Amino acid sequence: MVRSWYELPEYVRLRRVNGLRLSPDGTRLVAPVSGIAHDAKSFRSALWEIDVLPEAEGGDAPRRLTRGAKGESGADFLPDGSVLFTTGRPDPDTKPEDKPKSALWLLPATGGEARRVAARPGGVGSFTVARDSGLVAFTSDTLPGSGDEEEDAEARKAREEAGVSAILHESLPIRHWDSDIGPDHPRLFVIEPPADDETGPAEARDLTSDAGKALLNAEVSLTPDGTVLITTWNTPTGGGAHRCDLVAIDVATAERTVLLSEEDTDLESPLVSPDGRLVAYTRGSEGHYDGEPREYQLWVLNRETGETSPVHPGLELWQRGTAWSADSRSLFFVADENGRRPVFRADLAEGSVTRITGDHGAYSELNPSPDGRYVYALRDAWDAPPAPVRLDADATDGAPVHLRTPGSAPTMPGTLTEIETTADDGARIRSWLVLPEEASAEAPAPLVLWVHGGPYMSFNGWSWRWNPWILAARGYAVLLPDPALSTGYGQDMLRRAWGRWGPRVFADIMAITDAAEARDDIDAERTAMMGGSFGGYMANWIAGHTDRFKAIVSHASLWGLDAFNGATDYPPVWEREFGTPLEQPERYLLNSPHLHADKIVTPMLVIHGDKDYRVPINEGLRLWRDLLLHGVDAKFLYFPDENHWILTPGNAQIWYETVFAFLEHHVHGKEWAKPELL
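The model shown is predicted, which means the values in this text are computed figures rather than measured ones.

Asker: Before we move on, could you go through the overall build of the protein and cite the residues and values that matter?
Answerer: Helix and strand counts for the protein stand at 11 helices and 39 strands. In terms of overall size, the protein behaves like a compact globule, its C-alpha atoms giving a radius of gyration of 25 Å where 678 residues would be expected to give roughly 26 Å. Dimensions of the protein along its principal axes, counting C-alpha atoms only, are 70 × 60 × 55 Å. Each of the 678 residues in the protein was classed as buried or not, and the buried ones make up 56%. Contacts in the protein between residues at least 24 apart in sequence constitute 57% of all its contacts with a sequence separation of at least 6. A total accessible area of about 28300 Å² is found for the protein, and carbon and sulfur atoms account for 47% of it.

Asker: Describe the layout of surface pockets, naming the residues involved and giving the relevant values.
Answerer: Reported here for the second largest pocket is a volume of approximately 1700 Å³. As for the second largest pocket, its lining consists of 50 residues, and the residues nearest its centre are Lys101, Pro121, Gly122, Gly123 and Arg156. For the lining of the second largest pocket, the elements supplying multiple residues, two or more each, are β9 (115-118), β11 (136-142), α2 (149-162) and β13 (179-180). With eight residues, α2 is the single largest residue contributor to the lining of the second largest pocket. Taken together, the residues that form the lining of the second largest pocket break down as 18 nonpolar, 13 polar and 19 charged.

Asker: For the pairing of strand β6 (residues 72-77), give the residues involved together with the corresponding values.
Answerer: Bridging between β6 and strand β7 (residues 83-87) involves four bridges; their strand directions are antiparallel. Each residue of the ladder has a partner; that of glutamate 72, found in β7, is threonine 87. Counted between consecutive antiparallel strands, the loop separating β6 from β7 contains five residues, among which glycine 81 sits at a positive phi close to 95°.

Asker: Can you lay out a negative patch on the surface for me, pointing to particular residues and giving the numbers?
Answerer: On the surface, a cluster of negative charge is contributed by Asp148, Glu149, Glu150, Glu151, Glu154 and Glu203. One can find glutamate 154 in helix α2. Judged by its relative accessible area of 47%, glutamate 154 is partly exposed.

Asker: Before we move on, can you summarise the sheet that holds strand β21 (residues 278-285) with the specific residues and values?
Answerer: Pairing between the strands of a sheet comes from backbone hydrogen bonds, and it takes one of two forms, parallel or antiparallel. On the basis of which strands lie adjacent, the open sheet formed by four strands has the order β20-β21-β22-β23 and antiparallel pairing. For this open sheet the edge positions go to β20 (266-272) and β23 (308-310), each flanked by a neighbour on one side alone. Along the sheet, successive strands turn relative to each other by an average axial angle of 30°, direction set aside. For strand β22 (residues 295-302) and β23, the ladder comprises three bridges, and the chain directions are antiparallel. Residue pairing across strands places leucine 301 opposite threonine 308, the latter belonging to β23.

Asker: Give a description of the environment of isoleucine 542 that names residues and reports values.
Answerer: With respect to the secondary-structure elements, isoleucine 542 resides in helix α6 (residues 534-543). With a relative accessible area of 0%, isoleucine 542 lands in the buried category. Setting aside residues up to four positions removed in sequence, isoleucine 542 forms contacts with Leu449, Phe506, Ile509, Met510, Met529, Phe549 and Ile552.

Asker: Give me the lowdown on unusual backbone geometry, citing residues and values where you can.
Answerer: Of note, the bond from leucine 172 into proline 173 is cis; its omega dihedral lies within 30 degrees of zero at -5°. Along the chain, the position of proline 173 falls in the loop between α2 and β12 (175-176). With an omega dihedral of 0°, the bond running from glycine 454 to proline 455 counts as a cis peptide bond. By secondary structure assignment, the location of proline 455 is in the loop between β34 (445-451) and α3 (468-472). Here aspartate 264, not a glycine, exhibits a phi torsion of approximately 65°, which is positive. Inspection of the secondary structure assignment puts aspartate 264 in the loop between β19 (256-260) and β20.

Asker: Account for the packing of aromatic side chains, with residues named and values stated.
Answerer: Taken as a whole and assessed by the stated rule, the structure comprises 30 aromatic pairs. Centroid distance tryptophan 382 to phenylalanine 459: 5.3 Å. Interplanar angle 75°. Geometry classified as edge-to-face. With tryptophan 382 in the loop between β29 (374-381) and β30 (384-392) and phenylalanine 459 in the loop between β34 and α3, the pair connects residues that are 77 residues apart, well separated along the chain. Feature note: the residues Trp5, Tyr6, Tyr11, Trp450, Trp462, Trp464, Trp466, Trp655, Tyr656 and Phe660 constitute an aromatic cluster, connected by ring pairs.

Each value, and the rule that gives it
- Residues numbered from 1 in each chain as written.
- Predicted model: local features only at pLDDT ≥ 70, side-chain atom pairs only at ≥ 80, totals over all residues.
- Heavy atoms only, no water.
- Helix = DSSP H or I, 4+ residues; strand = E, 2+ residues; numbered from the N terminus.
- Rg over C-alpha atoms; globule rule 2.2 N^0.38 Å.
- Buried < 20%, exposed > 50% of the residue type's maximum accessible area, 1.4 Å probe, protein only.
- Contact = heavy atoms within 4.5 Å.
- Areas by Shrake-Rupley, 256 points an atom, 1.4 Å probe, with all protein chains shown as cover.
- 1 Å grid on protein atoms, 1.4 Å probe; cavity = no way out; pocket = protein on both sides within 12 Å on 5 of 7 lines; lining within 4 Å.
- Points joined across faces, edges and corners; volume = space filled by probe spheres on them.
- Nonpolar A, V, L, I, M, F, W, Y, C, P; charged D, E, K, R; others polar.
- Pairing = 2+ DSSP bridges.
- Patch = residues over 30% accessible without salt bridge, like charges linked within 9 Å, V, L, I, M, F, W, Y side chains within 5 Å.
- Salt bridge = Lys/Arg side-chain N within 4 Å of Asp/Glu carboxyl O.
- Lys, Arg positive; Asp, Glu negative; His and termini not counted.
- Charge placed at Lys NZ, Arg CZ, Asp CG, Glu CD.
- Axes fitted to C-alpha atoms, helices over the stretch in contact; angles between N-to-C directions.
- Phe/Tyr/Trp six-rings, centres within 6.5 Å; stacked < 30°, edge-to-face > 60°.

What follows is the structure in structure tokens.
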């Protein structure tokens, strides 16, 4: 029997394209592609080469470049076309390690075996390459007080032999998403590219021995000649908070200079132009309690004059990825817009911004070609997983040319459409609607409302974790709305619910749900609701404010905002909008779902991972306990070893199976039957 891709065992086996890099000469694309490991208990990534020509122009099929047992990721090119990547595979030319750390490896442009070119006791994190010189800069976690690699290795060994895992913190943050921070912290190192195929691992030079926590989540760019490194730098601002500055580091001397710093502003994502004169960066604000909400804009710094200027003044676009044209005259970037994520071209001399893609795709991983004709990118949409495409760099609202993909290109079991309505305050609310193939006036489909996370994001592209087609294949229609706080609709969409998450977003969601249920191919009597993270918060809010849904699934959700404030991984960002519970309790009283627990009558499935540091497990535990105290028909799906997302293949399948069983029971009235492995 042939299984369809949306059967869960097959779904987790689909190959997934996770990045894209164009070679300096514009003739090759390399992408990390993940697939299920041989033991079916994890995903493993490998590098694939992709032809820059589509099949109609003679493009060859993708070919796999690496097959390491530990997987490979983070690909980029040296000027000669050699491929750099990171992997935790053991090095056959060194002594065996008990637990090999991620290291930097090189795959020669002329062919042959990959070899390790840089390693550190704390592993190699992200890296970047100087366009012309080939100098490589990378981050590596290093224990404080370690002067060199040997001292770092000895300090690690001493902690391990003493059985010490404790970490002493003197500042925030202490955790991030699903990772503990410390006791080691990232530093920046540089290495020269190997001189030949026989050159062994290079000696790395430490440029930031005094960084402390300043380089957490650092974003780095090198000038083309490799003489200056520009990086983000976290600067403490009091109360455990920090702002993000841009600093320049002289590679030869390690002398550091503050390039840009603005009070109450984060300066991020630096990217040096190919001619070295300009630096593109994101200028962002986390908002103010009594003022404007969050905002992010793309700016450019002229390194010669020190002048800065916005790239798209007057256009309220949240930039999500940037790339320079080869001649340094234009910037290509992507931004959320009306439920899409198109590619824009900003011509700096003219001061104009042109949208070069006009379809419903969500683009990422921009790679302009050296001849200026094309932009290579990944394109996805709600009806297509990420895949490589070629775009006309000079187009206006153009269409993508699809390249041959090493990923999966499944056919959807239904149709994708859009609906919209008007909220009670006159705002336009739009949504994607996924319909199963059999949905019609004669056979209306039950509806599942999904609310996105964030909340400052848009439901505009493919999701491997929450895939609506898995439900559509089982006969459900899925509503994917962009309510207040969603990006891609201008700042007014954020202002409408800034500090008023519950009431305002609830009204928007109910309005678009009404519009969906009014369709003759939707069964309004059989509607359920699901959400994760902020969507889980809204699941909890909705449960306490209406009984219209047959069932509600709440994943990684916020419940008691007073407790969440101090337990989340970086409270200062949260407090910019909500304040603190003791000093400014008003928004906690207005917006906390737990205050309405006594109103909940809808059956609820609560899902939470113990390793979730963004929305800690105490939120799920407290929600579950409150539901039991109020006699709600509820279940708690607990993952001891997962985080904010359910990432391993087996647990992902159990997640879907439990959701299916819960919906079948409450939406279709079938007898409850828990998944076999539970």
